[in-house]
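Descriptive analysis of the structure
Here's the letter readout for the chains.
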Amino acid sequence: MPQQFKQATYHSICDELAVRDADVDNVIKLHGYPPFWSRPNTFESLVHIILEQQVSLASALSALNKLRERIQEITPARILLLTDAEMRECYCSRQKTAYIRYLAEAIIGGQINLIAFEQMEDEEIRRQLTTLKGIGNWTVDVYVMFALQHTDVFPVGDLAIVNAVKRLKALPKETTKEELIIIAEQWRPYRTVASMLLWHYYLSDRKPKS
């Protein structure tokens, strides 16, 4: 059973990371604790994450809300009843429409079982989800972090995380993802919570980008 963090333990984990890392300590001192970002373990949550791929959070939420207006409850069966034109009217691109349908079909067909994921380790979840077209490592990372609250995920494919680490640690722009993964080792086994702190820093910090 993978280790999870809960709202009750969230601040104490942040405090432990702050003791280990002075830069993390400064984030909390300047900006407070990050919000407890979480989502239910549902098809809708995965659809939301797919919609967030490579677009602004506001654009993704707008599309999700349009889908909710159209079908009330976002379920695999209801999604599969929508035509291409109806999906377009909900601000879903042709590509993302295909990805969402692949996911819906996989859940209906029993290939993917979200409840079963609650007992699985990260890598098995990743193996199963990335067999679906349109679901890569970033989507899996965000799902495991937000919907399953696994404690030790570092989404190195997330641009905000990459920029936050570079800014927080005053690293050169050319710092590689491999180097960032090594830096993140200091936050084990709480890399998810460290990532929440980095997102919080990225969203809170208003200094101009170098």
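Quick note: structure is the one above.
What comes next is a walk through the structure. Everything numeric here is computed off the predicted structure, so don't read it as measured data.

1. A look at the pattern of salt bridges
- Using the criterion set out here, one finds 16 salt bridges in the structure.
- Among the salt bridges present, the one from Arg70 reaches Glu89, with a minimum N-O distance of 2.3 Å. Placement of Arg70 in helix H4 (residues 57-71) and of Glu89 in helix H6 (residues 84-89) is noted, with a sequence separation of 19 residues between them.
- The class for Arg70 is partly exposed, based on a relative accessible area of 34%.
- On the basis of relative accessibility, which here comes to 45%, the residue Glu89 falls in the partly exposed class.
- Overlapping salt bridges, with partners in common, bring together Asp152, Glu185, Arg188 and Arg191 in one network.

2. Overview of the packing of aromatic side chains
- For the structure shown, the criterion picks out six aromatic pairs.
- Taking the centre distance of 5.1 Å and the plane angle of 85° together, the rings of Tyr10 and Phe36 count as edge-to-face. With Tyr10 in helix H1 (residues 7-20) and Phe36 in the loop between helix H2 (22-31) and helix H3 (43-52), this pair connects stretches of sequence that are 26 residues apart.
- According to the relative accessible area criterion, Phe36 is partly exposed, its value standing at 21%.
- Consider the rings of Phe154 and Trp187, whose centres lie 6.2 Å apart with planes at 55°: the pair is tilted. Of this pair, Phe154 sits in the loop between helix H10 (137-146) and helix H11 (159-168) while Trp187 sits in the loop between helix H12 (177-184) and helix H13 (191-204), placing them 33 residues apart in sequence. As far as the burial class goes, Phe154 and Trp187 line up, both buried.
- Put simply, the rings of Phe5, Tyr10 and Phe36 pair up and form one aromatic cluster.

Each value, and the rule that gives it
Residues numbered from 1 in each chain as written. Predicted model: local features only at pLDDT ≥ 70, side-chain atom pairs only at ≥ 80, totals over all residues. Heavy atoms only, no water. Salt bridge = Lys/Arg side-chain N within 4 Å of Asp/Glu carboxyl O. Helix = DSSP H or I, 4+ residues; strand = E, 2+ residues; numbered from the N terminus. Buried < 20%, exposed > 50% of the residue type's maximum accessible area, 1.4 Å probe, protein only. Phe/Tyr/Trp six-rings, centres within 6.5 Å; stacked < 30°, edge-to-face > 60°.

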